[in-house]
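Architecture at a glance
Here are the chains, one letter per residue:
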Amino acid sequence: MSIKLKNVNKIYKTGNVETYALKNVSLEIKDGEFIVILGASGSGKSTLLNVTSGLDNPSSGEIIFNDEIISNHSSKELTKFRRDNLAFIFQQYNLLQNLTVKENVEIGASIGKNPFNIDEIIEKVGLEDKKDSYPSQLSGGQQQRVSIARSVAKNPNIMFCDEPTGALDEETGKQVLDIIQKMNEEFKTTTVVITHNPNIAFMADRVIKMNSGKIEEIVKNQCKKNAF
Ligand code: ADP
Ligand code: ADP
């Protein structure tokens, strides 16, 4: 699924203070593309992701998925759109503690119209021997892999990740990113990843650098074969 942003602005008002978190942002993300968003803290990365994914409304401008203008949707329509099409991965794993790995992934799959096979997804994230374990019995990296399996089990059209490795050490973080990349390659899921870590930029087709609410630069990955 492709994403288009046209002249998107986001202004937060807190009392008399206005923060221009996104300033006239326009962007096209192609179906199946892997995008990494880099930028300093406060540059507007989370706002860009939240507004693009319909978690938050833009102050003005249009957001279009394929040919569907979602920025005009009611909140009920948006909820349905998100449920049918989008998956989210955050720094926090948000797993249900009293359910096993398999049961957590089953919940994710149950939301989808055309979900993947649960055992296959658990195998893809390398946790086949942990299927019956509970989250408290897993390391942080393993829990994040369960969280990814749960998110993608519904077979989403787009995967949005906000600092997915923020709580992990470098090596574990790399393993988690490898899995996100594998999902993008195998399922052609359009993928948008926010990170502070410039070292993961090589995984992307294109890297977007945010600065003070604007796209400062878009860099195409010259090293990646068949980059968009
Ligand atoms: P990043 O993800 O790059 O750290 P954010 O998108 O979180 O940046 O924030 C961009 C700007 O918008 C910052 O100045 C931040 O303080 C402000 N901001 C973000 N969310 C809110 C909010 N809910 N209310 C007011 N200001 C906000
Ligand atoms: P930051 O980017 O400032 O470190 P977080 O990573 O905690 O903050 O969250 C990034 C954004 O994602 C925030 O705007 C937050 O509201 C949103 N968010 C975080 N977790 C969830 C969740 N489980 N469901 C929906 N939105 C979430």
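About the cut-offs
Numbering of residues begins from 1 in every chain and follows the order in which that chain's sequence is written. Numbering of ligands from 1 and lettering of chains from A proceed in the order in which they are written. Reporting in this predicted model follows two pLDDT cut-offs: at least 70 for local features of residues, and 80 or more for side-chain atom pairs to be given and counted; totals over whole chains, interfaces and linings ignore these cut-offs and use all residues. For the side-chain quantities, the full set of heavy atoms in the structure was used; hydrogens and water were omitted. Pairing of aromatic rings covers Phe, Tyr and Trp, the last through its six-membered ring, and needs centres within 6.5 Å; plane angles under 30 degrees mean stacked, over 60 mean edge-to-face, and all others mean tilted. Secondary structure counts use DSSP, requiring at least four H or I residues in a row for a helix and at least two E residues in a row for a strand, with both numbered from the N terminus. Three exposure classes are used, based on accessible area relative to the maximum for each residue type with a 1.4 Å probe and protein chains only: buried under 20%, partly exposed in between, and exposed over 50%. By the convention used here, strands pair only if DSSP detects at least 2 bridges between them. Whether two residues are in contact is decided by their heavy atoms, any of which lying within 4.5 Å being enough. To obtain an axis, a line is fitted to C-alpha atoms, over the contacting stretch when the element is a helix, and the angle between two such axes runs from 0 to 180 degrees between their N-to-C directions. The directions from the helix axis to the C-beta atoms are what the arc is built from. Here a residue is considered near a molecule or strand provided that any single heavy atom belonging to it is located within 4 Å of it. We define a polar contact as two N or O atoms separated by no more than 3.5 Å, with the added condition that, inside protein, one atom must be a possible hydrogen donor and the other a possible acceptor, whereas residues neighbouring each other in sequence contribute only through side-chain atom pairs. Working definition of accessibility: Shrake-Rupley area with a 1.4 Å probe, residue cover restricted to the visible protein chains. Ten residues, namely Ala, Val, Leu, Ile, Met, Phe, Trp, Tyr, Cys and Pro, are considered nonpolar, four, namely Asp, Glu, Lys and Arg, are considered charged, and the remaining ones, Gly among them, are considered polar. When the strands point away from the viewer and the path from the first strand over the helix to the second turns clockwise, the crossover is right-handed.

**Brief notes about the packing of aromatic side chains**
All told, the structure shown has four aromatic pairs when counted by the stated rule. Where F88 meets F160, the ring centres are 5.8 Å apart and the plane angle is 20 degrees; that geometry is what we call stacked. With F88 in strand β6 (residues 86–90) and F160 in strand β7 (residues 158–162), this residue pair connects regions lying 72 residues apart in the sequence. Per residue, the accessibility class of F88 equals that of F160, and both read buried. Grouped by ring-pair contacts, the aromatic residues F88, F90 and F160 constitute a single cluster.

**A few points about the sheet that holds strand β5 (residues 68–69)**
What holds strands together in a sheet is hydrogen bonding between their backbones, with the strands either parallel or antiparallel. Taken in spatial order, the four strands make up an open sheet running β2-β1-β4-β5, and their pairing is antiparallel. The open sheet terminates on both sides in strands that have one partner only, identified here as β2 (17–29) and β5. Two elements, strand β1 (residues 3–14) and strand β4 (residues 60–65), share five bridges in a ladder whose sense is antiparallel. From the neighbouring strand, L5 faces β4, where its bridge partner is I63. The sheet strands contacting helix α1 (residues 45–52) are β1, β2 and β4, and the helix crosses β1 at an angle near 120 degrees.

**A look at helix α3 (residues 101–110)**
Within α3, burial applies to V101, N104, V105, G108 and A109. Buried residues in α3, looked at end-on, bunch into an arc of 140 degrees, giving them a common side. Buried-residue contacts for α3 involve α4 (118–124) and α5 (140–152).

**Some details on the sheet that holds strand β8 (residues 190–194)**
With mixed pairing, the six strands of this open sheet are ordered in space as β6-β7-β8-β3-β9-β10. The sheet is open, and its two borders are formed by β6 and β10 (214–220), each paired with just one other strand. For this sheet, the mean inter-axis angle between neighbouring strands, taken without regard to orientation, is 15 degrees. Strand direction decides the pairing type here: strand β3 (residues 34–38) and strand β9 (residues 206–211), joined by four bridges, are parallel. The residue bridging V36 from the neighbouring strand is V207, located in β9. Docked against the sheet, α5 engages β6 and β7, running at close to 170 degrees with respect to β6.

**Overview of the site of ligand 2**
As a matter of local geometry, ligand 2 sits amid S46, N50, F90, Q92, N94 and D162. Here N50 contributes a side-chain N or O atom positioned 2.9 Å from an oxygen atom of ligand 2. Side-chain polar atom of N94 to a nitrogen atom of ligand 2: 3.2 Å apart, as the coordinates give it. When ligand 2 is considered free in solution it has 550 Å² of accessible area, and contact with the protein chains removes 47% of it. Here the residues of the shell around ligand 2 sort into one nonpolar, four polar and one charged.

**Section: the pairing of β7**
Counting buried positions over the five residues of β7 gives five, a clear majority of the element. Taking every second residue as pointing to the same face, both faces of β7 are buried, with I158, F160 and D162 on one and M159 and C161 on the other. As paired elements, β7 and β8 share five bridges and run parallel to each other. Looking at β8, one finds that I158 is bridged to T190. Taken together, β7, helix α6 (residues 170–187) and β8 constitute a β-α-β crossover, and its handedness is right-handed.

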